[in-house]
Amino acid sequence: MTANPATTVRLSESELDEIRTLIEQRSAILFDASRERFFSTRLLDFIEEKHLASGTDLLRHIKSSSIEYESLLEQLLTQETSFFRYPAVYEALEKRIVPEIEERKFWENPRVLRIWSAGCSTGEEPYSIAISLCEALKFGEAWEVEVLATDISRRALRHAERGLFRNRTLQNLDPQKVDVYFSESKHGYQVRPRIRKMISFAQMNLIEPVYVGKLDCIFCMNVLMYFSEERRRAILQRFYDALEPGGYFFLGHSETLSNVPMKFESVVRGDCRIYRKPAAVAAQIASKSLAGGSL
Ligand SMILES: C[S@@+](CC[C@H](N)C(=O)[O-])C[C@H]1O[C@@H](n2cnc3c(N)ncnc32)[C@H](O)[C@@H]1O
């Protein structure tokens, strides 16, 4: 039984279980024992805010309205993020990965480079990616660049699209980069239009299979760690399929693919969790097509 001193409402174990299951089914997020306290406290806050009478009332409320379900979900999401959150990742992106892609795809026409930030929260991650691309591409003007940034949270996306950040969120950034890529205003620091134009924001639930086209890199950092292994496996398979042969996949520091059988190769260890879809797949497909005489 869980109680909140501000309300007289109590949540029984079976009500908690039912809410947990509903959230996992609709949004994939698991609330296991380690997050039990956070989970029940947020539910009781929501009950109080909406003047609900019981756990059963809460369940009826969120099942009868997708807007109310989303409103509860917003309170349960973990949206911690920061600019250049793992500096070693962005160093690898700028010094090794973008130059490798630029060389490998240089003779393609048109030259297109697409990166997906899946679970982008309030935007710090896709803006860091776009800044890294500007820094790393030798012939930037010769490329069509798109950073697709998606999240389940409409609230986080509204913040992200504004591109306006407080001074303290820019602490990880080299002051020179702040000058080049942000303009200062009385409300904070605004990402400059040329960076914002590189990014397309969209609301997306990762458990819904949506076609996003072929990608050179997928960042899905600190998102899948809250999902069950079965969900992770299904989503990783979709990421794998969406990547170009030779494309890269980025996970957060405390995440690993070790218990999910995948054909990804680990390319950078230590401080980074970067994987690659084998480029050889392209050669295999090409040689199969040649053998079958279809080219
Ligand atoms: C901890 S933040 C990670 C932000 C960023 N990737 C980073 O590492 O700094 C996790 C994000 O995943 C989003 N998220 C959680 N479940 C999701 C789902 N089913 N589909 C899409 N996004 C989801 C949350 O809204 C949140 O913004």
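Computed from a predicted model, the values in this text were never measured in an experiment.

Participant: I tried to follow the sheet that holds strand 12 (residues 273-276) on my own but got confused; where do I start?
Facilitator: The strands making up a sheet associate through hydrogen bonds between their backbones, and the pairing can be parallel or antiparallel. Taken together, the 7 strands give an open sheet; going across it, the order is 8-4-3-9-10-12-11, and neighbouring strands pair in mixed fashion. Because the sheet does not close on itself, it has two edges, and the strands there are strand 8 (199-203) and strand 11 (265-268). Between one strand axis and the next, the sheet turns through 25° on average, direction left out of account.

Participant: Whenever I open this one, helix 3 (residues 55-64) confuses me. Can you help?
Facilitator: Residues separated by three or four positions in an α-helix point in the same direction, a consequence of the helix having 3.6 residues per turn. Three or more residues of helix 3 are buried, namely Gly55, Asp57, Leu58, Leu59 and Ile62. Against strand 2 (10-11), helix 1 (13-27), helix 2 (36-49) and helix 4 (66-76) lie the buried residues of helix 3.

Participant: Where do I start with the sheet that holds strand 6 (residues 182-185) in this structure?
Facilitator: A sheet is described by the order of its strands in space; here 3 strands give the open sequence 5-7-6, paired in antiparallel fashion. Across the chains shown, the open sheet's two edge strands, defined by having one partner strand only, are strand 5 (164-165) and strand 6. As paired strands, strand 6 and strand 7 (residues 188-191) are joined by 4 bridges and run antiparallel to one another. Pairing of Glu184 across the sheet is with Tyr189, part of strand 7.

Participant: Sorry if this is basic, but what is going on with the site of the ligand here?
Facilitator: Surrounding the ligand, one finds 21 residues, the nearest of these being Thr81, Arg85, Glu125, Asp151 and Asn222. Separating a nitrogen atom of the ligand from a backbone N or O atom of Ser27 is a distance of 2.9 Å. In the environment of the ligand, a nitrogen atom lies 2.8 Å from a nitrogen or oxygen atom belonging to the side chain of Glu125. Taking 610 Å² as the accessible area of the ligand by itself, protein coverage stands at 98%. Taking a 2 Å distance to the grid points as the criterion, the majority of the atoms of the ligand fall inside the largest pocket. When its residues are assigned to classes, the shell around the ligand shows 8 nonpolar, 9 polar and 4 charged.

Participant: Looking at this model, I keep getting lost on the packing of aromatic side chains. Mind explaining?
Facilitator: The geometry of two aromatic rings is summed up by the distance between their centres and the angle between their planes. For the coordinates displayed, the defined rule picks out 16 aromatic pairs. The interplanar angle of 20° and the centroid separation of 5.3 Å between the aromatic rings of Phe249 and Phe264 together place this pair among those described as stacked. With Phe249 in strand 10 (residues 243-251) and Phe264 in the loop between strand 10 and strand 11, the pair connects residues that are 15 residues apart, well separated along the chain. The burial state of Phe249 is the same as that of Phe264; both residues are buried. Among the aromatic residues, those joined into a cluster by ring pairs are Trp116, Phe239, Tyr240, Phe249, Phe264 and Tyr275. Sitting above the plane of the Phe84 ring, Lys177 keeps its charged end 4.9 Å from the centroid.

Participant: Help me understand unusual backbone geometry, please; the structure alone is not making it clear to me.
Facilitator: Only a minority of non-glycine residues have a phi that is not negative, and only a minority of peptide bonds are not trans. Cis geometry marks the peptide bond from Asn109 to Pro110, where omega comes out at 0°. Mapped onto the secondary structure, Pro110 falls in the loop between helix 5 (87-104) and strand 3 (112-118). In this model, His51 sits at a positive phi of 55°, which is unusual for a non-glycine residue. Here His51 lies in the loop between helix 2 and helix 3. By relative accessible area, His51 is classed as exposed at 71%. Phi at Ser121 takes a positive value of approximately 55°, unusual for a residue other than glycine.

Conventions adopted
Residues numbered from 1 in each chain as written. Predicted model: local features only at pLDDT ≥ 70, side-chain atom pairs only at ≥ 80, totals over all residues. Heavy atoms only, no water. Pairing = 2+ DSSP bridges. Helix = DSSP H or I, 4+ residues; strand = E, 2+ residues; numbered from the N terminus. Axes fitted to C-alpha atoms, helices over the stretch in contact; angles between N-to-C directions. Buried < 20%, exposed > 50% of the residue type's maximum accessible area, 1.4 Å probe, protein only. Contact = heavy atoms within 4.5 Å. Near = heavy atom within 4 Å. Polar contact = N/O pair within 3.5 Å; in protein donor to acceptor, adjacent residues only side chain to side chain. Areas by Shrake-Rupley, 256 points an atom, 1.4 Å probe, with all protein chains shown as cover. 1 Å grid on protein atoms, 1.4 Å probe; cavity = no way out; pocket = protein on both sides within 12 Å on 5 of 7 lines; lining within 4 Å. Sits in = over half its atoms within 2 Å of the grid points. Nonpolar A, V, L, I, M, F, W, Y, C, P; charged D, E, K, R; others polar. Phe/Tyr/Trp six-rings, centres within 6.5 Å; stacked < 30°, edge-to-face > 60°. Lys NZ or Arg CZ within 6 Å of the ring centre and 35° of its normal.

Just geometry here; none of it tells us what the structure is for.
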